[in-house]
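Examination of the molecular architecture
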Amino acid sequence: MAKPKLIKQVRNEIRRRNYSYRTEQSYVRWIIRLVKFCGTKHPLNIEPEEITEFLNHLSVTRNVAASTQNQALCAIVFLYHKVLEKELPELKEIKWSKRSKKLPVVLTKREVKMVLDRLEGVSLLVAQLLYGSGLRISEALRIRVKDVDFEYQQLIVRDGKGKKDRITVLPSVVIGKLKQQVQRIKILHAKDKKRGYGKTLLPNALDKKYPKAATRLGWQYLFPSKRISKDPRSGLKHRYHISDSFIQRAVRNAVDRSPITKHASCHTLRHSFATHLLMDGYDIRTVQELLGHKNVKTTMIYTHVLNKGGKGVKSPVDIL
């Protein structure tokens, strides 16, 4: 088993670099699995061949996806380079999992309406933002009150993928609902402050620079949890945002209750946002910026549905 001292070092280094809590959990889990696989040796005593064997075990025996195997490798590299400050020898003869080239599932506009018509309350509001603003589920749930700009009709996405901020469109259809949501948060926040709470976590140690900001309405989550919980890192008792599993389950149930046969999820709504904008004639660079893609090649995958059939070819059977 990995020594508690080692795990504490890993956690401290991850937090020092402002990695997300999910990344911390993932890295710690992979490091523990590596140590167990190698007979509970300390990582400094693990041979490169054993690390290769572990990665091959994931690919061959466990048959994990390429992204999963790569995540394990990233955790191992982080452990040796950043925590132990030891150069990791070249790992030879790794059997890499094959990365599948899958096209994204995209709903038609009619199918999107079918899903939204079967949602209600907060689930509907979040789903409308996923499709109407092209947000990832994590981005939608991390929105703070101050990030909604009603006047300019835009949303500011903070710390998106790659730690980048971006601006995307705020759909007109949700403005009224979001204003009502802000009023509900205002009442809830006032009650929390009376109970001795009302303070939220600020990113990148901003609470030290702006000590009073954490208790202000603008920094509260737009979709707050029903319960006040303890943050696993700081120990602060605060009202976090709702769980992504709550929204994912609601969307999945809405798809199941519809005639849709596609394997659709929350992320499908983001794919549909991009595809429908391109179908409506918007420039691919504009769509790239709204999605927050680093490379336009990532955005170009959505052009696959713009040509009816394969590459716009008319089937010979239709000519008969």
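So, here's what we can say about the structure.

Rules used throughout
- Residues numbered from 1 in each chain as written.
- Predicted model: local features only at pLDDT ≥ 70, side-chain atom pairs only at ≥ 80, totals over all residues.
- Heavy atoms only, no water.
- Helix = DSSP H or I, 4+ residues; strand = E, 2+ residues; numbered from the N terminus.
- Buried < 20%, exposed > 50% of the residue type's maximum accessible area, 1.4 Å probe, protein only.
- Contact = heavy atoms within 4.5 Å.
- Areas by Shrake-Rupley, 256 points an atom, 1.4 Å probe, with all protein chains shown as cover.

**Overview of the overall build of the chain**
Along the chain, the regular secondary structure elements total 13 helices and five strands. Principal-axis analysis of the C-alpha atoms places the extent of the chain at approximately 75 × 60 × 35 Å. Expressed as a percentage of the 320 residues in the chain, the buried residues total 43%. Considering only contacts in the chain between residues 6 or more positions apart, those separated by 24 or more positions represent 62%. Accessible surface, the chain as shown: approximately 19400 Å² in total, 52% of it carbon and sulfur.

**Some thoughts on unusual backbone geometry**
The residue N18 is not glycine, and still its phi comes out positive at about 60°. Residue position: N18 is located in the loop between α1 (4–16) and α2 (21–37). At N63, a residue that is not glycine, the phi angle is positive and equals roughly 55°. When you line up the elements, N63 lands in the loop between α3 (48–61) and α4 (66–83).

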